[in-house]
Each structure stands twice: as structure tokens, then as C-alpha cells.
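# Structure at a glance
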Amino acid sequence: MLFFHNYKKNIQLFMTLDNMNTPPMGWMAWERFRCDTDCKDDLENCISEKLFMDMADRLSEDGWRELGYEYVIIDDCWMSRIRDKNGTLQPDPDRFPSGIKRLADYVHNRGLKLGIYADMGRWTCMGFPGTTLDKIELDAQTFASWGVDYLKFDGCNSNALEQLLGYPLMSKALNATGRPMVYSCSWPVYIGSLPPEVNYTLLGDICHLWRNYYDIQDSWDSVQFIMDWFFNNQDYIQPAAGPGKWNDPDMLIIGNFGLSLEQSRTQMALWSIMASPLIMSNDLRSLDNAARAILQNKAAISINQDPLGIQGRRLFKEKTKIEVYWRPLVDAASALVFLSRRSDMPYHYHTSLEKLGFGKGNYEVYDVFEGSKPKPLNSTEQFTVSINPSGVVMWYLKPVKTESGHRTLL
Ligand code: GLA
């Protein structure tokens, strides 16, 4: 894959550093497995060490890890209902009998990393022990001592002042442990998602990524609701992202029940345009081949992991319900996505690179989901893409001559 020569290099970089130069990739329990604590009746799906060991096995044996999917992230409902006698968080003894340290070892032995969940507040969103201000240092130390590599810090059951103090304090406390840990903040969700309530500059200084908006659910409606919010507000949030600081529109739900093939490609395409974390929440033990192919698409991942780390933007919405999205990439390359919001039939969209704002010159175009050979295209040439209802056509394109002919940020 000469066309994506940067890809391997990026992945290598990504695997050795913890400062999140590119968006994190991995798997998280929440959207698919929620707070199922019933291991008696539902051993396969309940929140238990077995679930995370199963997913670590799949990530390491089914080709995911090599593509960059390296975090196995525990979400809510892993804890015991009470802290131990020293005030330390502890896992539920029946569902995590080996303890989190042993689970971290299991994950690390497979070349993966472990993420965990805590909540800045009195209780987690599902009512397990929270991390009040006085417990922040202790909890950071506990996670470090267990060998945790990533913390998702939620914000249920606290007020704005506690959050204002708590989120920066946790950042300091994690740094003070000396263990590199990725810090994912849910703070913006709880204070209105946008400036002036949300200070994106501060978030970029203290968190590696942050959840801006509502939780994703297993439906196309939910994916559209989230992506529309992100692109409608791109002027506020797009400049906030960059290497080490990422907007997080929430998990990839590809491989579950709610999305068609076209809609699954749309989520993968737009999450790659947005430089979003690629954190799947699905059942890797029973994923079908179509979902696997989308999630393992090397060109889409390479676009998502582009080392420039510039978040893409929506260029425009046509009256015909076609939308065009763009992300600038390293080496003057670009990613383009043509999305159809129609519900009738494949739509033939006619345009040219010039009309899309590209500079004059010759380009090479590669269709990400078709996997075709790169095709030459002049900027003035009219072309037609056929876009399926709720689907996308996604291109990777590169000027043939590098010094001119690339699009500039609007
Ligand atoms: C909140 C978060 C979700 C998930 C749940 C767990 O809703 O936004 O991602 O962590 O809490 O209770």
C-alpha cells in the first residue's frame, strides 16, 4: 500500500507514545454492554473480567492491535458498591475476582492497554462510588498502582464548581503518579458543550480528549444527531482539536444492531474526517465480516490517524441533501466525503475539484471503501459520484505535484 506510506509510520509512533499525537483507538464496554451486572443469567455479556479478557483476546488475535486498536476500556459498573476500609476504590469481588491489576497484566501481555472509568462526583452515573474532590489523588494513585493506562472521568452527580476544581485536579494527580495515562474528560457534556461555558483551550491543556456532547445510542438517528451537532458547531470545536487534544463524539457502534452497511460506512467516514477517537463498542466475538471490513479499513484509519491532526469540516450542504466534508492531511493530501441524506435511491452528484475549492492541477484519487486503484483527476474535470441513501463516497486524494494544487482551510 504505497499510497498510504505514512500509515505504518504513524501507527508505530502511536504505539510508542502516550501523549495522544493521534486520536486513541480501541474498544469500550458502555454502548454495547451497558450496566449488565447479571453474571448469573448472562455470563457472556455481563460487566466482568471475563468480558474484558475476551475482548483483549479478540483485539490481539483478530488483527485489531496491528491496526492501532490498542485500548480495552472498562466503563461504569465495575466497582464494588463500597470503598474498602482505607477508602480505596475496589472492583466488584464477584465479577472481577482477580482484581484490576491482574486484568491489566492480562491486557498488557497481549500488547494492549487498559482503560478504566471513574466519576467526578458523589456517585457514578449508575450509582457506584464516585470520586469527590478529597478522593482525587487517592484514586489517581490507585489506578496507577494497578497499571491502568487510560482514565475516562465522567461528571454525573457533581456541580459546576466541583467540576471546575476537579477536572484540572485529576489531570495534576494523574501526572503526579509518574505513570503515563490518557485522560478523557466528560466535563463539556455537563456544562453545556459550547463556549463560553466550555473553555476549549483549558480542556486542551489538561485533557487528551473530551466528550463534547450526548451519549451515542445504537441507531442511525443517534449517529445523525451527534454528527450534525459536531458539524453545526464546527467553528467552535474544530480549532480546539490537534495532536494531544481531541474532540470525542463518542463510540463507534458499527457491528451492532442499529446501522445498515451504508450507515456504518458513514459513521467510519465522518469519525475519520473529525479526527475522532476510534473506540468501538460492539461484540468483537461475533462481528460480521462487513462490519469488520469497515472498522479495519486501512485507508479510513490512516485518514483518522493523520499526523497533522487537523480536524476536518463540513464544506457545504446542497439543497439536494448531498453534503460534502473535507479534511486536510499530511503531504498536501486530503480526504473528501460525499454524504447523501436522501432516502430515495442512489444520487448522482456532479461536481469538480475546482468547485470544491481545490487548487489547479492534477490529482490522484483513491476510493476508500471501493478500494480501487488510484485514478488521475484534473481539478477542472467534471466528475460524478453515485451516493447511496444514508451512505457515503469517501476519497483520499493527493496532488500529483506537491508544491501547488492543494486545498487550503476555509
Ligand atoms: C454517562 C457517559 C457514558 C457512560 C455512562 C455510564 O452517560 O456519558 O458514556 O460512561 O455515563 O454510566
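A brief report on the enclosed structure follows. (Residues numbered from 1 in each chain as written. Predicted model: local features only at pLDDT ≥ 70, side-chain atom pairs only at ≥ 80, totals over all residues. Heavy atoms only, no water.)

Every residue near the ligand is listed here: Trp30, Asp75, Asp76, Tyr117, Cys125, Met126, Lys152, Asp154, Arg211 and Asp215. Separating an oxygen atom of the ligand from a side-chain N or O atom of Asp75 is a distance of 2.6 Å. The separation between an oxygen atom of the ligand and a polar side-chain atom of Asp76 is 2.7 Å. Within the complex, 91% of the 310 Å² of free accessible area of the ligand lies under protein. By residue class, the composition of the shell around the ligand is four nonpolar, no polar and six charged. (Near = heavy atom within 4 Å. Polar contact = N/O pair within 3.5 Å; in protein donor to acceptor, adjacent residues only side chain to side chain. Areas by Shrake-Rupley, 256 points an atom, 1.4 Å probe, with all protein chains shown as cover. Nonpolar A, V, L, I, M, F, W, Y, C, P; charged D, E, K, R; others polar.)

What follows concerns the sheet that holds strand β9 (residues 313-317). In space, the six strands of this open sheet follow the order β9-β10-β11-β16-β13-β14, with antiparallel pairing throughout. The open sheet has two edge strands with one neighbour each: β9 and β14 (375-378). In this sheet, adjacent strand axes meet at a mean angle of 30° when their direction is disregarded. Sheet topology places strand β13 (residues 362-367) next to strand β16 (residues 392-399); five bridges connect them, and they run antiparallel. Among the inter-strand pairings, Tyr366 is bridged to a residue of β16, identified as Tyr396. Along the sheet face, helix α10 (residues 220-232) touches β9, β10 (322-328) and β11 (334-340) and points at about 95° away from the line of β9. Sheet strands touched by helix α12 (residues 261-273): β9, β10, β11 and β16. Its angle to β16, the strand with the most contacts, is close to 35°. (Pairing = 2+ DSSP bridges. Helix = DSSP H or I, 4+ residues; strand = E, 2+ residues; numbered from the N terminus. Axes fitted to C-alpha atoms, helices over the stretch in contact; angles between N-to-C directions. Contact = heavy atoms within 4.5 Å.)

Quick look at the pairing of β13 now. Side-chain positions along a regular strand alternate between the two faces of the sheet. Relative to β14, β13 runs antiparallel, the two being bridged by four bridges. Opposite Glu364, over in β14, you have Pro376 as the bridge partner.

Along an α-helix, a turn takes 3.6 residues, which lines up residues three or four apart on a common side. The end-to-end C-alpha separation of helix α7 (residues 160-176) is 24 Å, in line with the 24 Å expected for 17 residues at 1.5 Å each. Taken together, the buried positions of α7 are occupied by Gln163, Gly166, Tyr167, Met170, Ser171, Ala173 and Leu174. Where α7 is buried, its residues meet α6 (136-146), β4 (150-154), β5 (182-185), α8 (187-190) and α9 (200-206). Two or three places before Leu161, at the start of α7, stands the capping residue Asn159, its side-chain oxygen 3.1 Å from that residue's backbone nitrogen. Directly beyond the C-terminal end of α7, a positive phi value near 80° is found at Gly178. (Expected span 1.5 Å × (residues − 1). Buried < 20%, exposed > 50% of the residue type's maximum accessible area, 1.4 Å probe, protein only.)

This paragraph deals with the packing of α6 against α7. The N-to-C vectors of α6 and α7 enclose an angle of 40°; their axes lie 9 Å apart at closest approach. What the angle tells us is that α6 and α7 run oblique. In this structure, α6 crosses over α7, and the sense of that crossing is right-handed. Residues Ile136, Glu137 and Ala140 of α6 touch α7, and the partners they reach there are Gly166, Leu169, Met170, Ala173 and Leu174. Looking at the contact of α6 with α7 residue by residue, the classes come out as six nonpolar, one polar and one charged. (Parallel < 35°, antiparallel > 145°, perpendicular 65-115°, else oblique. Left-handed = near helix turned anticlockwise from the far one by under 90°.)

A separate point is the nonpolar core. If you look at the biggest cluster of nonpolar residues, it comprises 114 residues, and the most contacted ones within it are Trp27, Phe52, Tyr69, Trp78, Phe143, Met268 and Trp271. By residue number, the principal contributor to this core is α10, which donates seven residues. In terms of nonpolar packing, the next biggest core, distinct from the first, is built from 19 residues, Leu336, Leu353, Leu377 and Val385 among them. (Core = buried A, V, L, I, M, F, W, Y, C linked by side-chain atoms within 4.5 Å.)

A word on the side chain of Asp250. Tracing the sequence through the fold places Asp250 in the loop between β7 (246-248) and α12. At 2.8 Å, the side chain of Asp250 and the backbone nitrogen of Ile216 are in polar contact. Beyond its immediate chain neighbours, meaning those up to four positions away, Asp250 contacts Arg211, Tyr214, Asp215, Ile216 and Trp271.

Of note, the bond from Pro195 into Pro196 is cis; its omega dihedral lies within 30 degrees of zero at 5°. Relative to the helices and strands, Pro196 resides in the loop between α8 and α9. Backbone geometry places Asp250, a non-glycine residue, at a positive phi of 95°. The phi angle at Ser390 is positive, at roughly 55°, despite the residue not being glycine. Its place among the elements puts Ser390 in the loop between β15 (382-387) and β16.

Next up on the list: the packing of α10 against α12. Between α10 and α12, the shortest axis-to-axis distance is 11 Å and the interhelical angle comes to 25°. By the angle between their axes, α10 is roughly parallel relative to α12. For the element pair α10 and α12, the recorded crossing hand is left-handed. Of α12, the residues touching α10 (which contributes Trp220, Val223, Ile226, Met227 and Phe231) are Gln263, Thr266, Gln267, Leu270, Trp271 and Ile273. Taken together, the residues of the contact of α10 with α12 break down into eight nonpolar, three polar and no charged.

Moving on, we get to the pattern of salt bridges. Under the definition given, this model contains 25 salt bridges. The residue Arg285 makes a salt bridge to Asp54 at a minimum N-O spacing of 2.9 Å. In this pair, Arg285 sits in the loop between β8 (278-280) and α13 (289-295) while Asp54 sits in helix α3 (residues 49-61), placing the two residues 231 residues apart along the sequence. Overall, the relative accessible area of 25% leaves Arg285 in the partly exposed class. Classification of Asp54 by relative accessible area gives buried; the value is 16%. Of the charged contacts, one joins Asp228 and Arg341 as a salt bridge, the two residues approaching to 2.8 Å between their closest N and O atoms. One end of the pair, Asp228, is in helix α10; the other, Arg341, is in the loop between β11 and β12 (347-352), and 113 residues separate them in sequence. (Salt bridge = Lys/Arg side-chain N within 4 Å of Asp/Glu carboxyl O.)

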